[in-house]
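Descriptive analysis of the structure
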Amino acid sequence: MSSRRSRQSGVSRISDDQIIELVSKLRQHLPEIRERRSDKVSASKVLQETCSYIKNLHKEVDDLSERLSQLLSTIDADSAEAAIIRSLIM
Amino acid sequence: MRSPSSLKQEFLKKWMMGLHIYGSLKKKMSLLERKKAIKLSADIAMASARNGTTCWSRALVANASKDEQDKILVQHILGTESERLMKKVSVLPLMSNKRIRSKKVLRRSYGSIRRAKKSNIAASPPNKVLAISIAKRLVRKRTLLLKSLVPGGEFMDEIALIEETLDYILSLRAQVDVMRSLANASELNNKN
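Residues numbered from 1 in each chain as written. Chains lettered and ligands numbered in written order. Predicted model: local features only at pLDDT ≥ 70, side-chain atom pairs only at ≥ 80, totals over all residues. Heavy atoms only, no water.

An unreviewed UniProt entry lists chain B under the name IBH1-like N-terminal domain-containing protein, with Rubroshorea leprosula as the source organism.

The criterion, for reference: UniProt positions are given in the numbering used here, feature names are shortened, and annotations may be inferred rather than shown by experiment.
Labelled according to an unreviewed UniProt entry, chain A appears under the name BHLH domain-containing protein, originating from Rubroshorea leprosula. Here chain A is described in UniProt, under the heading Subcellular location (unreviewed entry), as follows: "Nucleus".

Shown next as structure tokens:
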């Protein structure tokens, strides 16, 4: 019983600090929040921005898949195009 | 953490491989089938770039493998990797029990913290107490939403969820960038 209690307080102590650190890391990657200078962005706001950002990314992938299905006449993407992109990414 | 450009390269390589395999499996495809093939190859490539190190990538592969048709493509792209990744996925339900227990412990400790805070701020206006509980409810609601968006999210505790989300967002961004580059290049190519 006592071991459970000590584990209890141990878990909550670690998670509070870690969560703050991770949340701030997450904030850095969200485009909208990065522009705001205020440090006091609530956790719920970060979560909301994160969710809508992921939904946007999902939608973009879907739209791009749609676009590519029309552009690529065969599913085997032209090696020339792949080479172009490889050079762009480098 | 891998650099974004190496992540993109890895993704592109695997994606092209997937598209090539799909094309060889099915010669004539409808527009819709092609779109699905492109998207599936892209997702598997994105997950594969993480090489089984993240929960979301394993969950993504597992979800894709549920469909009999898609499973074949998954196995082709991942090759021997797929066996290893499948094994890791089956561990997930076992881990979730442990996590559920630690979650309950966390929740109970949060409850006691909240009660302690409440007694401290008993003197402050009731609006503040209400605001805090509303904020907590919002966080809870949005955390659940996030869990539904990240593959395998339902198995993760709060800390893992945030870490996985970070990695997932970076991978999604790489995926989108590469796909957009190909789409733009194809468009230019078609115009000529």
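**Points about the packing of helix α1 (residues 4–25) of chain B against helix α2 (residues 31–48) of chain B**
Residue and element names in this part refer to chain B. Using the following cut-off: To get an axis, a line is fitted to the C-alpha atoms, and for a helix only the part in contact is used. The angle between two axes follows their N-to-C directions and goes from 0 to 180 degrees. Strands are runs of DSSP state E lasting at least 2 residues, helices are runs of H or I lasting at least 4, and numbering of each runs from the N terminus. We call two directions roughly parallel when the angle between them is under 35 degrees, roughly antiparallel when it is over 145, roughly perpendicular when it lies between 65 and 115, and oblique otherwise. By convention, the crossing between two helices is left-handed when the near helix turns anticlockwise from the far helix through less than a right angle, and right-handed when the turn is clockwise. Should any heavy atoms of two residues lie within 4.5 Å, those residues are considered in contact. Amino acids are sorted into nonpolar (Ala, Val, Leu, Ile, Met, Phe, Trp, Tyr, Cys and Pro), charged (Asp, Glu, Lys and Arg) and polar (every other residue, Gly among them).
Interhelical geometry of α1 versus α2 gives an angle of 140 degrees and a closest axis separation of 8 Å. On the basis of their axis angle, the class for α1 and α2 is oblique. Pair α1 / α2 crosses with right-handed handedness. Here Phe11, Lys14, Trp15, Gly18, Leu19 and Tyr22 of α1 lie close against α2, whose contacting residues are Ala37, Ile38, Leu40, Ser41, Ala42, Ala45, Met46 and Ser48. Of the residues contributing to the contact of α1 with α2, the split by class is 10 nonpolar, three polar and one charged.

**Observations regarding the packing of α2 of chain B against helix α7 (residues 158–191) of chain B**
Residues and elements named next belong to chain B. Two numbers describe how α2 lies on α7: the axes approach to 10 Å, and their chain directions differ by 135 degrees. Put simply, α2 runs oblique to α7. For the element pair α2 and α7, the recorded crossing hand is right-handed. Of α7, the residues touching α2 (which contributes Ile38, Ala42, Asp43 and Met46) are Tyr168, Ser171, Leu172, Gln175 and Met179. Residue composition of the contact of α2 with α7, grouped by class: six nonpolar, two polar and one charged.

**Brief notes about the layout of surface pockets**
To find leftover empty space, one rolls a probe the size of a water molecule over the atoms. All names here are of chain B. For the record, the criterion: Both site types are read off a 1 Å grid over the protein atoms alone. A 1.4 Å probe that fits but cannot get out defines a cavity, while an open set with protein on both sides within 12 Å along at least five of seven lines defines a pocket; lining residues have an atom within 4 Å of a point. Grid points are joined across faces, edges and corners, and a volume is the space filled by probe spheres set on the points.
Considered as a void within the structure, the second largest pocket measures approximately 260 Å³ in volume. Contributing to the lining of the second largest pocket are Tyr22, Leu25, Lys26, Met29, Glu33, Lys36, Gln69, Asp70, Ile72 and Leu73. Every element with two or more residues in the lining of the second largest pocket is listed here: α1, α2 and α4 (68–78). With four residues, the top contributor of residues to the lining of the second largest pocket is α4. Looking at the lining of the second largest pocket residue by residue, the class counts come to five nonpolar, one polar and four charged.

**As for the packing of aromatic side chains**
All names here are of chain B. To keep it simple, the criterion reads: Between 30 and 60 degrees the pair is tilted, below 30 it is stacked and above 60 it is edge-to-face, where a pair is any two Phe, Tyr or Trp rings, Trp via its six-membered ring, whose centres lie within 6.5 Å. Buried, partly exposed and exposed residues are distinguished by accessible area as a fraction of the type maximum, computed with a 1.4 Å probe on protein chains only: under 20%, between the cut-offs, and over 50%, respectively.
Tallying each qualifying case throughout the model produces two aromatic pairs over all chains. Taking the centre distance of 5.0 Å and the plane angle of 55 degrees together, the rings of Trp56 and Tyr168 count as tilted. Of this pair, Trp56 sits in helix α3 (residues 55–66) while Tyr168 sits in helix α7, and the two are 112 residues apart along the sequence. Owing to a relative accessible area of 0%, Trp56 belongs among the buried residues under this scheme.

**Structural notes on the environment of Glu60 of chain A**
Here Glu60 of chain A lies in helix α3 (residues 43–71). For Glu60 of chain A, a relative accessible area of 30% translates into the label partly exposed. Excluding anything up to four places from it in sequence, Glu60 of chain A contacts Val176 and Arg180 of chain B.

**Some points on the nonpolar core**
Rule in force here: Remark: nonpolar core denotes a set of buried residues (Ala, Val, Leu, Ile, Met, Phe, Trp, Tyr, Cys) joined through side-chain atoms within 4.5 Å.
Ile54 and Leu68 of chain A together with Phe11, Trp15 and Met179 of chain B are the most contacted members of the largest nonpolar core, which totals 57 residues. Secondary structure elements with two or more residues in this core: α1 (2–29) and α3 of chain A together with α1, α2, α3, α4, α6 (126–149) and α7 of chain B. Considering every element that reaches this core, the biggest residue donor is α7 of chain B, with 13 residues. With near-sequence residues (within four places) excluded, Phe11 of chain B lies in contact with Ala42, Ala45, Met46, Gln175, Val178 and Met179 of chain B.

**Side note on the pattern of salt bridges**
Here is the rule: In the sections that follow, a salt bridge refers to a side-chain nitrogen of Lys or Arg positioned within 4 Å of a carboxyl oxygen of Asp or Glu.
One pass over the full model with this rule turns up 12 salt bridges over all chains. We note a salt bridge from Lys59 of chain A to Asp63 of chain A, for which the minimum N-O separation is 3.1 Å. A residue pair is termed a helical-turn pair when its members lie 3 or 4 positions apart in one helix, as Lys59 of chain A and Asp63 of chain A do in helix α3 at four residues. Note on Lys59 of chain A: relative accessible area 53%, which makes it exposed. Lys35 of chain B is the salt-bridge partner of Asp62 of chain A, the closest N and O atoms lying 3.1 Å from each other.

**Things to note about unusual backbone geometry**
The general pattern is negative phi for most residues beyond glycine and trans for most peptide bonds. Residues other than glycine seldom take positive phi values, yet Asn51 of chain B does so here, at roughly 55 degrees. Relative to the assigned elements, Asn51 of chain B resides in the loop between α2 and α3.

**Examining the environment of Ser41 of chain B**
With respect to the helices and strands, the residue Ser41 of chain B is situated in helix α2. Residues Ser41 of chain B and Ile77 of chain B, spaced 36 residues apart in sequence, show a C-alpha to C-alpha distance of 8.4 Å.

**As for α6 of chain B**
What counts is decided by this rule: Expected helix span is taken as 1.5 Å per residue step, with the number of steps being one fewer than the number of residues.
Helix length check: α6 of chain B, at 24 residues, gives a terminal C-alpha distance of 35 Å against a target of 34 Å (1.5 Å per residue), a fit within 8%. Those residues of α6 of chain B lying buried are Arg142, Thr143, Leu146, Lys147 and Leu149 of chain B.

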